[in-house]
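Listed here are the chains, written in short residue letters.
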Amino acid sequence: MDRQGATYTPGSGQIQDLSISPPDFAVMAVDKATQLKVTATFADGSREDITPFCDFQITDDAIATVSPLGVLNARQPGDAGLTVLYRGTVRAIRVLVPSPTVKGAKYPTIAAKNPIDREVFAKLKLLNMVPSEQSSDLEFLRRITIDTLGILPTPEEARAFLADQSPTSVRIRSTNC
């Protein structure tokens, strides 16, 4: 019987890369589960499935949940971030849960007016969510004030916002929101 044990090679346990499957982002249907697979590539070139040893964290458990063993369950349409941690190495992917497709319905063609619209519309299409109609200036002011400050604009702020028609104004004009 050899009592020497396993040989130790300095740096052999050092992580070179951590990969997650599905990569980049996971598109999932509501009430469907997906098993994540996390693979570590070590300094010596060996690769191992380390999924059971990882810590998984999701940013919005109303959109999806993740078990300690990496089973991802979609709950409702939306977008959440998933973080995978293993021995100090961190990787993240997006979890997209699209709205169910209505039989016979076709996603509308929507023209983007600027680069931001193009990116937002592309994501909404992935999520199968049709953007809202363009808001009025007053609706925009109410939404942006509530979102940023958590309060409604005062009547004076609303009147001043609506009265300012200058195209060079530093304030934001209405957009799709």
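Shown above is the structure to which this text applies.
Report on the accompanying structure. (Residues numbered from 1 in each chain as written. Predicted model: local features only at pLDDT ≥ 70, side-chain atom pairs only at ≥ 80, totals over all residues. Heavy atoms only, no water.)

**Digging into the environment of A74**
Structurally, A74 is set in strand β8 (residues 71-74). Residue class for A74 comes out buried when judged on its relative accessible area of 4%. Taking the C-alpha atoms as reference points, A74 and D31, separated by 43 residues in sequence, lie 5.4 Å from one another. Those residues in contact with A74 that lie beyond four places of it in its chain are M28, A29, V30, D31, K32, I63, A64 and V97. (Helix = DSSP H or I, 4+ residues; strand = E, 2+ residues; numbered from the N terminus. Buried < 20%, exposed > 50% of the residue type's maximum accessible area, 1.4 Å probe, protein only. Contact = heavy atoms within 4.5 Å.)

**Concerning unusual backbone geometry**
In this structure, P22 follows S21 across a cis peptide bond, with omega equal to 5°. Relative to the helices and strands, P22 is located in the loop between β1 (15-21) and β2 (25-27). Even without being a glycine, R87 presents a positive backbone phi close to 45°. Among the structural elements, R87 can be located in the loop between β9 (78-86) and β10 (89-97). R87 sits in the exposed class, given a relative accessible area of 54%. Unlike most non-glycine residues, N128 shows phi in positive territory, near 60°.

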